[in-house]
Number of protein chains: 2
Amino acid sequence: MKLDRHAHTVHGMHHHHDWDRAHAPVLEVEPGATVAFEVQDASGGQLSPASTVADVAAIDFARVNPVTGPVFVRGARPGDVLEVEVLEFAPTRWGWTALIPGFGLLADAFPDPWLTGWDLAPGRATATFADGIEVPIAPFPGTIGVAPPEPGPHSIVPPRAWGGNLDVKHLTAGTKLYLPVAVEGALFSVGDTHAAQGDGEVAGTAIETAMEVALRFRVRRDLTLRAPAFETFGAAPGDRATPGGSFATTGVADDLMQAARDAVSAMIDRLVATTALDPAAAYALCSVAVDLKVHEVVDVPNWVVGAWLPKAVVRW
Amino acid sequence: MKLDRHAHTVHGMHHHHDWDRAHAPVLEVEPGATVAFEVQDASGGQLSPASTVADVAAIDFARVNPVTGPVFVRGARPGDVLEVEVLEFAPTRWGWTALIPGFGLLADAFPDPWLTGWDLAPGRATATFADGIEVPIAPFPGTIGVAPPEPGPHSIVPPRAWGGNLDVKHLTAGTKLYLPVAVEGALFSVGDTHAAQGDGEVAGTAIETAMEVALRFRVRRDLTLRAPAFETFGAAPGDRATPGGSFATTGVADDLMQAARDAVSAMIDRLVATTALDPAAAYALCSVAVDLKVHEVVDVPNWVVGAWLPKAVVRW
């Protein structure tokens, strides 16, 4: 472990592929404890620097998105809120982004597997996607949650009221996540670490990479939540509010999902028109660097979603 | 007119309440021209500092959202893109925010009319909503667009591919909006000026206020658009990426609109729990100061929408 100065450590061998209140805790801690987790990448090690698109097509979905844990936090009871303070990350040097057939906002338009690798050299603020295209690094855990109240296994893929595969890119170092506690001890697990992602994760993958992540747990009884909440405390690492501003496409439609699809399709069109990227690469870049914002949801019957790309990413 | 140094002026008496390619232009300009528009507030003058909630309930919807124009831009042809550079604003000193029965993301939960006024004193960076609650001022036009290709009148309320009631709060001074041109001369109009708004405009109104706005028009043939796009060039005025960070609630649901509703409801709950605001006032504050972001739309079947409030607004 690189993050070896924390009170507790949970190694990556202690992982599970579903949410289940019956999973036995691998660690029990007091509130206030800090824990370093070793997290596998979202493929569970099925993809490596030697992988090709054939390996993407052959992914065994039973092994995807392993989460490390669970950790039992003493005193956390149903109805409480678990505060998870994100302390620091130790990324590995390599990551991947893929288009996986059947997944993603534009799955119908992109039926073929696609894969790229990323050199995540320590100390660099950005990672290179293609010549002249640099994506700001801002590590966070894509999947972070606690055990559900209902017995039995629950798929690891969808997020739920008690967290899970939230893919909230803002859970970078220095932020706090608040999770409703459903079972005694909370039974917290974390996985699916990302080096960078756009709001929306539109193609279904981010910069996927194994990492270590250190977290601090507290039990909060002054908060009442039916779903996750979180808090930031200043500018985020890799903050994309760049001096050069952004270019945003929009989707205008009477369905928010369609508006999101239209906005992303328009951004892909613009990237293809103004860079050397082909549509699949442009879609993948949107997944790691384009942010979806809801501009209006009240001017009946049409809503507006924007897809924002910082101009610095492509030097527009 | 306060903005009297621009080449052209269109007064507020030249307005219309629908989009129609048959509206005769009130001004014809060359590309490159700058035009100052006098814009009425979204009520078309039906609300004033003396108004009460009874006046909100009595609003005549045939008179809402007047847009000033249209302006014929020489050389703009169907298939072109009209670039609209937002140059500057001259706000009036008073604005309003209302809950209008039947409108808004949470219309079912808030059936009663509600109204507040805002003192928009020149030179202040924020406007006071309640004791200790300050909303950053960032003026923009909520409705900005060109005539549709289909003949006949089209409702002013929904935005469409050629713009209109976009309510994109980011169209502040210094930004550029790109609109697909549908008819000869574009037939541009602008209205519904806002002193501040959150992404989403969740309660259906922003800080509504009459303003003058100066715009510069260019015809672009290097862009191809099926819907509006826009561009920022640095930090926005009233940029809410405050040093203190933000608090965000989330909605996790298999429908993006439901996720947006849940996120806003959770923010209202938090505001009611931690401030002196009642639910209606908290909902109105969300409309002017809370930003909706789409965190993920790919982890089937559940999506995550975040509702973000800068902590500086409520001194959290």
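Residues numbered from 1 in each chain as written. Chains lettered and ligands numbered in written order. Predicted model: local features only at pLDDT ≥ 70, side-chain atom pairs only at ≥ 80, totals over all residues. Heavy atoms only, no water.

Peer 1: Pulling in residues and values, what's your account of the overall build of chain A?
Peer 2: Within chain A one finds four helices and 21 strands. Scaling as 2.2 N^0.38, a compact globule of 316 residues should have a C-alpha radius of gyration of about 20 Å, and chain A matches this with 19 Å. For chain A, the spread of C-alpha atoms along the three principal axes comes to 55 × 50 × 40 Å. In chain A, which comprises 316 residues, the proportion classed as buried is 62%. (Helix = DSSP H or I, 4+ residues; strand = E, 2+ residues; numbered from the N terminus. Rg over C-alpha atoms; globule rule 2.2 N^0.38 Å. Buried < 20%, exposed > 50% of the residue type's maximum accessible area, 1.4 Å probe, protein only.)

Peer 1: So what's going on with the interface of chain A and chain B? Which residues, and what values?
Peer 2: At the junction of the two partners, chain A supplies 61 residues and chain B supplies 61 residues. Here chain A and chain B share an interface that buries about 4,800 Å² over both sides, 61% of which is from carbon and sulfur atoms. Three residues, A:Phe230, A:His295 and A:Val298, lead the burial of chain A against chain B; their summed loss comes to 12% of the area buried on that side. The interface formed by chain A and chain B includes four salt bridges. Of the charged contacts in the structure, one is a salt bridge between A:Arg226 and B:Asp269, with a shortest N-O distance of 3.1 Å. Across the chain A-chain B interface, the total number found is 26 residue pairs in polar contact (both at pLDDT 80 or more). Taken together, the residues of the side of chain A that touches chain B break down into 31 nonpolar, 18 polar and 12 charged. Where strand E20 (residues 291-296) of chain A lies against strand E20 (residues 291-296) of chain B, three bridges are found, and the strand directions are antiparallel. Looking at the pairing, A:Lys293 lines up with B:Lys293 of E20(B). (Contact = heavy atoms within 4.5 Å. Buried area = accessible area lost by both parts, 1.4 Å probe. Salt bridge = Lys/Arg side-chain N within 4 Å of Asp/Glu carboxyl O. Polar contact = N/O pair within 3.5 Å; in protein donor to acceptor, adjacent residues only side chain to side chain. Nonpolar A, V, L, I, M, F, W, Y, C, P; charged D, E, K, R; others polar. Pairing = 2+ DSSP bridges.)

Peer 1: Just give me the short version of the relation of the copies chain A and chain B, but keep the residues and values in it.
Peer 2: Of the two same-sequence chains, chain A is brought onto chain B (RMSD 0.0 Å, axial shift 0.0 Å) by a rotation of 180 degrees. A rotation of that kind, with that shift, is consistent with a two-fold axis. Every residue of chain A has its C-alpha some distance from the rotation axis, and the shortest such distance is that of A:Lys293, at 2.2 Å. Comparing interface residues between copies, 100% of those in chain A also sit at the interface in chain B, which points to an isologous, same-surface contact. (Least-squares fit on C-alpha atoms with pLDDT ≥ 70 in both.)

Peer 1: Provide a residue-level description of the pattern of salt bridges, including the pertinent values.
Peer 2: Residue and element names in this part refer to chain A. Counted by the stated rule, this structure contains 30 salt bridges over all chains. With a shortest N-O distance of 3.4 Å, Glu83 and Lys176 are connected by a salt bridge. Taken together, the positions of Glu83 in strand E7 (residues 81-91) and Lys176 in strand E15 (residues 176-180) put the pair 93 residues apart, joining distant regions of the chain. We classify Glu83 as buried; its relative accessible area is 1%. Residue Lys176 is classed as buried on the basis of its relative accessible area, which comes to 17%. Within this structure, Glu83, Glu85, Lys176, Arg216, Arg218, Arg220 and Asp222 form a network of salt bridges that share partners.

Peer 1: I'd like to hear about the environment of A:Pro151, residue by residue, with values.
Peer 2: Along the chain, A:Pro151 falls in the loop between strand E12 (140-146) and strand E13 (154-155). With 132 residues separating them along the chain, A:Pro151 and A:Trp19 place their C-alpha atoms 9.5 Å apart.

Peer 1: Give me the lowdown on the pairing of strand E17 (residues 211-220) of chain A, citing residues and values where you can.
Peer 2: Residues and elements named next belong to chain A. Pairing geometry for strand E5 (residues 34-39) and E17, over six bridges, is antiparallel. Its bridge partner lying in E17, Val39 is registered against Met211. Judged from the 10 bridges that link them, E7 and E17 form a sheet pairing that is antiparallel. Its bridge partner lying in E17, Glu83 is registered against Arg218.

Peer 1: Talk me through the domain arrangement of chain A; I want residue IDs and the actual numbers.
Peer 2: As a measure of interface size, the accessible area lost when the parts come together is often cited. Residues and elements named next belong to chain A. One can read the domain layout of chain A as domain 1 (8-231) and domain 2 (246-310). When each unit is reduced to the centre of its C-alpha atoms, the spacing between domain 1 and domain 2 is 25 Å. Contacts between domain 1 and domain 2 engage 27 residues on the former and 20 residues on the latter. Roughly 1,800 Å² of surface becomes buried between domain 1 and domain 2 when both sides are summed, with 74% attributable to carbon and sulfur atoms. Broken down residue by residue, the surface that domain 1 buries against domain 2 is led by Leu105, Leu106 and Val202, which jointly contribute 31%. For the pair domain 1 and domain 2, the number of links is one salt bridge. Lys169 serves as the salt-bridge partner of Asp291, at 2.7 Å between the closest nitrogen and oxygen. For the pair domain 1 and domain 2, the number of links is 12 residue pairs in polar contact (both at pLDDT 80 or more). (Domains from an automatic or database assignment.)

Peer 1: Let's hear about the side chain of B:His16: which residues, and what values?
Peer 2: Residue and element names in this part refer to chain B. In this fold, His16 is placed in strand E2 (residues 15-16). Taking relative accessible area as the criterion, His16 reaches 7% and is therefore assigned buried. At a separation of 2.6 Å, a polar atom in the side chain of His16 contacts the main-chain carbonyl oxygen of Asp18. Leaving out residues up to four positions away in the same chain, His16 has contacts with His23, Asn65, Pro66, Val67, Gly69, Pro70 and Ser189.

Peer 1: A description of the packing of helix H2 (residues 256-274) of chain B against helix H3 (residues 279-289) of chain B should follow, citing residues and the corresponding values.
Peer 2: Residues and elements named next belong to chain B. In the contact formed by H2 and H3, the axes pass within 9 Å of each other and the chain directions differ by 125 degrees. By the angle class used here, H2 and H3 are oblique. For the crossing formed where H2 meets H3, the hand is right-handed. Facing H2, whose interface residues are Val264, Met267, Ile268, Leu271 and Val272, H3 presents Pro279, Ala282, Tyr283, Leu285 and Cys286. (Axes fitted to C-alpha atoms, helices over the stretch in contact; angles between N-to-C directions. Parallel < 35°, antiparallel > 145°, perpendicular 65-115°, else oblique. Left-handed = near helix turned anticlockwise from the far one by under 90°.)

Peer 1: Give me the lowdown on the confidence of the model for chain A, citing residues and values where you can.
Peer 2: Residues with a pLDDT of 70 or more make up 97% of chain A, whose mean pLDDT is 95. Predicted complex metrics record ipTM = 0.94 and pTM = 0.95. (pLDDT = per-residue confidence, 0-100.)

Peer 1: I'd like a description of unusual backbone geometry, backed by residues and values.
Peer 2: Cis rather than trans, the peptide bond between B:Gly69 and B:Pro70 has omega equal to 0 degrees. By the element assignment, B:Pro70 lies in strand E6 (residues 67-73). Although it is not a glycine, A:Ala186 adopts a positive phi angle of roughly 70 degrees. For A:Ala186, a relative accessible area of 0% translates into the label buried. A positive phi is found at A:Leu187, a non-glycine position, where the angle reads about 60 degrees. With respect to the helices and strands, A:Leu187 occurs in the loop between E15 and strand E16 (188-194).

Peer 1: Before we move on, could you go through the packing of aromatic side chains and cite the residues and values that matter?
Peer 2: Counted by the stated rule, this structure contains 20 aromatic pairs over all chains. Geometrically, the ring pair formed by A:Phe230 and B:Trp308 is edge-to-face, given 5.3 Å between the ring centres and 80 degrees between the ring planes. Taken together, the residues A:Phe230 in strand E18 (residues 229-231) and B:Trp308 in strand E21 (residues 303-310) connect one chain to another. Here the two residues A:Phe230 and B:Trp308 agree in accessibility, since each one is buried. Both rings, one in B:Trp118 and one in B:Phe129, keep their centres 5.4 Å apart while their planes meet at 35 degrees; by these two values the pair is tilted. Of the two residues, B:Trp118 sits in strand E9 (residues 114-119) while B:Phe129 sits in strand E10 (residues 126-130), which places them 11 residues apart along the sequence. Exposure remark for B:Trp118: the relative accessible area of 1% places this residue in the buried category. Grouped by ring-pair contacts, the aromatic residues A:Phe37, A:Phe188 and A:Phe217 constitute a single cluster. Over the aromatic face of B:Phe233 sits the side chain of A:Lys311, whose NZ or CZ is 3.7 Å from the ring centroid. Between B:Arg270 and the ring centre of B:Trp316, over which it is positioned, the NZ or CZ distance is 4.3 Å. (Phe/Tyr/Trp six-rings, centres within 6.5 Å; stacked < 30°, edge-to-face > 60°. Lys NZ or Arg CZ within 6 Å of the ring centre and 35° of its normal.)

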